[in-house]
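Structural overview
Each chain is listed here by its residues.
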Amino acid sequence: RKEVEQDPGPFNVPEGATVAFNCTYSNSASQSFFWYRQDCRKEPKLLMSVYSSGNEDGRFTAQLNRASQYISLLIRDSKLSDSATYLCVVRTGGFKTIFGAGTRLFVKA
Amino acid sequence: DAGVIQSPRHEVTEMGQEVTLRCKPISGHNSLFWYRQTMMRGLELLIYFNNNVPIDDSGMPEDRFSAKMPNASFSTLKIQPSEPRDSAVYFCASAESDTQYFGPGTRLTVL
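In this report, we go over the structure that sits alongside the text. None of the values given here were measured: they were computed from a predicted structure.

Considerations on the overall build of chain B
The helix and strand tally for chain B stands at zero helices and 11 strands. Element order for chain B, N to C, with α for helix and β for strand: β-β-β-β-β-β-β-β-β-β-β. Relative to the compact-globule value of 13 Å for 111 residues, chain B shows a C-alpha radius of gyration of 13 Å, a close match. Here the C-alpha coordinates of chain B stretch approximately 35 × 25 × 25 Å along the principal axes. Classification of the 111 residues of chain B by burial places 48% in the buried group. In chain B, the proportion of contacts linking residues at least 24 apart, taken out of those at least 6 apart, comes to 53%. Accessible surface, chain B as shown: approximately 5600 Å² in total, 48% of it carbon and sulfur.

Structure follows, in structure tokens:
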């Protein structure tokens, strides 16, 4: 079993749709959680951190469920510019960081 | 403010040659990470440094790979000898806390 698992997609959604991604992790001792975004042939960039209480940034909402060991990302009112690969990231002790394989999103006009 | 700088951006070499990838982290960041990304394996952490000291190199695939960080503003990842299966995009990232900032990557092709 992979340490961090994501549905690779692709998710094809129309503009304005709401889309949700889930990510599961295997190490119950994991400490920090993030969503990164990667555009084609570009470097990953931090989208948002994920806190136990959940957090929201504009159209994006991230949630953490420690009991079930998964994190989620919800995107509301999808824009064409949201088309990218979304990477789930889990940090264990120290700075050891594990990236999921990513979920591809295509937003269509 | 300059971000993470990597060089070269592209490298094409022949099997058996030595390859050196370079990274300049963001000034003031005390952690540095080397990653490799391929279609098959995704983004893999190779090694990370904290205050110039290697903390965990368990992701380094084999002895052909080595990384150094002689000072806070420079790191290298060396592959000697290179093999076709090393072809990938190699990213360097730096951080001062939770957020990692990635460089643009070096696209390596080993023929």
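Still more ground to cover, so stick around.
So, the sheet that holds strand 7 (residues 65-71) of chain B
By way of backbone hydrogen bonds, the strands of a sheet pair with one another, either parallel or antiparallel. Residues and elements named next belong to chain B. Read from one edge to the other, the open sheet built from four strands follows the order 1-3-8-7, with strand pairing classed as antiparallel. Every interior strand has two partners, whereas the edge strands, strand 1 (5-7) and strand 7, have only one. Between one strand axis and the next, the sheet turns through 15° on average, direction left out of account. Judged from the five bridges that link them, strand 7 and strand 8 (residues 74-79) form a sheet pairing that is antiparallel. Each residue of the ladder has a partner; that of Ser-66, found in strand 8, is Lys-78.

Points about the state of the cysteines
Under the defined criterion, the tally for this structure stands at two disulfides over all chains. Between A:Cys23 and A:Cys88 runs a disulfide, and the two sulfur atoms are separated by 1.9 Å. Between A:Cys23 and A:Cys88 the disulfide shows an S-S torsion of about -70°. By sign, it is left-handed. A residue pair is termed long-range when its members are at least 10 positions apart, and A:Cys23 in strand 3 (residues 19-25) and A:Cys88 in strand 9 (residues 84-91) qualify at 65 residues. Of the two residues examined, A:Cys23 and A:Cys88, each falls in the buried class. With a sulfur-sulfur separation of 1.9 Å, B:Cys23 is cross-linked through a disulfide to B:Cys92. Every disulfide takes its handedness from the sign of the S-S torsion; for B:Cys23 and B:Cys92 that torsion is -65°, giving left-handed. Highlighted residues: B:Cys23 in strand 3 (residues 19-24) and B:Cys92 in strand 9 (residues 88-95), separated in sequence by 69 residues. In this pair, the class of B:Cys23 matches that of B:Cys92, namely buried.

Parameters and conventions
Residues numbered from 1 in each chain as written. Chains lettered and ligands numbered in written order. Predicted model: local features only at pLDDT ≥ 70, side-chain atom pairs only at ≥ 80, totals over all residues. Heavy atoms only, no water. Helix = DSSP H or I, 4+ residues; strand = E, 2+ residues; numbered from the N terminus. Rg over C-alpha atoms; globule rule 2.2 N^0.38 Å. Buried < 20%, exposed > 50% of the residue type's maximum accessible area, 1.4 Å probe, protein only. Contact = heavy atoms within 4.5 Å. Areas by Shrake-Rupley, 256 points an atom, 1.4 Å probe, with all protein chains shown as cover. Pairing = 2+ DSSP bridges. Axes fitted to C-alpha atoms, helices over the stretch in contact; angles between N-to-C directions. Disulfide = S-S within 2.5 Å.

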